[in-house]
Every structure is written in structure tokens, then in C-alpha cells.
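Remarks on the overall topology
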Amino acid sequence: MRKVTYSMSVSLDGYIVGPDGGFDWTVPDEDVFRFWIDEIREVDVHLMGRRLYETMLYWENADEESSLDEAEHEWAALWKPLPKVVFSTTLSAVQGHARLASGGLTEEIERLRAEPGEGDIAIGGATLAAEAAAADLIDEYRAMVYPVLVGGGIPFFPQHERQVNLELLETRTFNSGVVYLRHRVAR
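Overview of the structure. All values derive from a computational prediction rather than experimental measurement.

**Observations regarding the sheet that holds strand β7 (residues 140-146)**
- With mixed pairing, 8 strands are arranged side by side in an open sheet as β5-β4-β3-β6-β1-β7-β10-β9. Strand pairing shows two members of the sheet lacking a second neighbour, β5 (98-100) and β9 (166-173), which therefore form its edges. Across this sheet, the average inter-strand angle for adjacent strands is 20°, counted without regard to direction.
- Two elements, strand β3 (residues 43-49) and strand β6 (residues 120-124), share 5 bridges in a ladder whose sense is parallel.

**Focus on the pairing of β6**
- Within β6, 5 of the 5 residues are buried, leaving the element largely enclosed by the surrounding structure.
- Residues Asp 120, Ala 122 and Gly 124 of β6 are buried on one face, and the alternating residues Ile 121 and Ile 123, pointing to the opposite face, are buried as well.
- As paired strands, strand β1 (residues 4-11) and β6 are joined by 3 bridges and run parallel to one another. Counterpart to Tyr 6 in the pairing with β6 is Ile 123.

**Description of the side chain of Arg 2**
- Relative to the helices and strands, Arg 2 is located in the segment before β1.
- A polar contact of 2.9 Å, which involves the side chain of Arg 2, links it to the backbone oxygen of Leu 112.
- Within the structure, the side chain of Arg 2 is placed 3.3 Å from the backbone oxygen of Gly 119, a separation counted as a polar contact.

**Brief notes about the pairing of β9**
- Judged from the 7 bridges that link them, β9 and strand β10 (residues 179-185) form a sheet pairing that is antiparallel. Across the sheet, residue Glu 170 finds its bridge partner in β10, namely Arg 182.
- In textbook terms, the turn of a hairpin is the stretch between consecutive antiparallel strands, and for β9 and β10 this stretch comprises 5 residues, one of which, Gly 177, has a positive phi near 95°.

**Re the side chain of Ser 9**
- Tracing the backbone shows Ser 9 in strand β1.
- Owing to a relative accessible area of 14%, Ser 9 belongs among the buried residues under this scheme.

**A few points about a negative patch on the surface**
- On the surface, a cluster of negative charge is contributed by Glu 30, Asp 31, Asp 69 and Glu 70.
- One can find Glu 30 in helix α1 (residues 30-40).
- Classification of Glu 30 as exposed rests on a relative accessible area of 69%.

**As for the packing of aromatic side chains**
- For the coordinates displayed, the defined rule picks out 12 aromatic pairs.
- Arranged with centres 6.2 Å apart and planes meeting at 80°, the rings of Tyr 6 and Tyr 141 form a pair that is edge-to-face. Taken together, the residues span a long stretch of sequence, with Tyr 6 in strand β1 and Tyr 141 in strand β7 at a distance of 135 residues. Across this residue pair, the class does not change: Tyr 6 and Tyr 141 are buried.
- Between the aromatic rings of Trp 75 and Trp 79, the centroid separation amounts to 5.7 Å while the plane-to-plane angle is 10°, which identifies the pairing as stacked. Of this pair, Trp 75 and Trp 79 are both found in helix α4 (residues 70-79), 4 residues apart, which corresponds to roughly one turn of the helix. Residue Trp 75 shares its accessibility class with Trp 79, and that shared class is buried.
- One aromatic cluster in this structure is built from Phe 33, Tyr 58, Trp 59, Trp 75 and Trp 79.
- In this arrangement the basic side chain of Lys 84 is found over the ring face of Trp 79, its NZ or CZ atom lying 5.0 Å from the centre.

Reading the values: the criteria
- Residues numbered from 1 in each chain as written.
- Predicted model: local features only at pLDDT ≥ 70, side-chain atom pairs only at ≥ 80, totals over all residues.
- Heavy atoms only, no water.
- Pairing = 2+ DSSP bridges.
- Helix = DSSP H or I, 4+ residues; strand = E, 2+ residues; numbered from the N terminus.
- Axes fitted to C-alpha atoms, helices over the stretch in contact; angles between N-to-C directions.
- Buried < 20%, exposed > 50% of the residue type's maximum accessible area, 1.4 Å probe, protein only.
- Polar contact = N/O pair within 3.5 Å; in protein donor to acceptor, adjacent residues only side chain to side chain.
- Patch = residues over 30% accessible without salt bridge, like charges linked within 9 Å, V, L, I, M, F, W, Y side chains within 5 Å.
- Areas by Shrake-Rupley, 256 points an atom, 1.4 Å probe, with all protein chains shown as cover.
- Salt bridge = Lys/Arg side-chain N within 4 Å of Asp/Glu carboxyl O.
- Lys, Arg positive; Asp, Glu negative; His and termini not counted.
- Charge placed at Lys NZ, Arg CZ, Asp CG, Glu CD.
- Phe/Tyr/Trp six-rings, centres within 6.5 Å; stacked < 30°, edge-to-face > 60°.
- Lys NZ or Arg CZ within 6 Å of the ring centre and 35° of its normal.

By themselves these figures say nothing about function.
Here's what the structure looks like:
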């Protein structure tokens, strides 16, 4: 069965964006960006909320820009054709290889898990991940921890008032001080 992963950059104090909504501290260096490129290769479909969708819209046409370096062109070439499912109550249309979710998150994940494929079903965005976590739909949590304290904002980990036991699968430390942590939900 295809696994559902939640992967985001996070500050050391646990936030994906700071109190002002900024996330400029997550700009990856070359090694971290290469890691994200390798990770997206393992994804068959990406689920996201409106805010992340709107942030990532840049990559739908970024490959047309001559100012991109080789790695950014590679990312755009992988991201653009990747199927995306957007969960939003305010958007009426989406662009590129995205579609608006027609049902709830649980139903969408069950449908996607039933489809053939070996790649991951990736979830991006803390709000959507919180809903998936509350329904026990996330199989792996993947955190790219940046060496910064932002003091508040949107937390990486959903607050669903239940204990979730995790098993450490992988760690990696980058020269920039960023640490990657990959955990599987122990079931």
C-alpha cells in the first residue's frame, strides 16, 4: 500500500512559518535543495491546502525563466508534471497538473491508496497534515529542521491531543546545520 508522508521545513522551535507568516529562513542551500529534488522523485501525488498551493504556483512556469540554475530547472521539471490535489473552500479553479479535491481528505487518501502506484502520497501544509494526523492517515513524518528559533507561527506538528509513537528511520545533517529527521508511525 502506498504510504502517506508529511514533509516540511521546520524551525527548531517547531514552526513552518514564523509569527509574521514569513519563511525566508527555509531557503535551502545547494545540498538541502538537492535532497528535496531526490525526495520529490519518490512522490506520485502531492496533497496540499490553498496556502501551499499558492506558494508553489511559482514552479508551474519557473522552467521558462533563464535565471534558474541547473538544480532549480531540475526541480521545476519534476514538480510541474506531478499530480497535485488541492483542498480549498475558497478556490474555484487551479492550474497545471492540479485538481481541486472532490471529497474529504480521508476519502481522497483512501481512493489514492487504492490506485496502482508505488510512489508516496505526500501531504504539504500543517493544516491539512493536522487533519490527516487526527484521522491517523500519516505513515511518515519528515522534518527538515532549520537552526533557527522563530518564536511562534504555524506549528509543524498538529495538536490532536493523542500520543503517536514514532520509529526513527533516517537522519542526515547538512553542512548548513539543517538536520533531516524521518520517522515512521509505529502501528
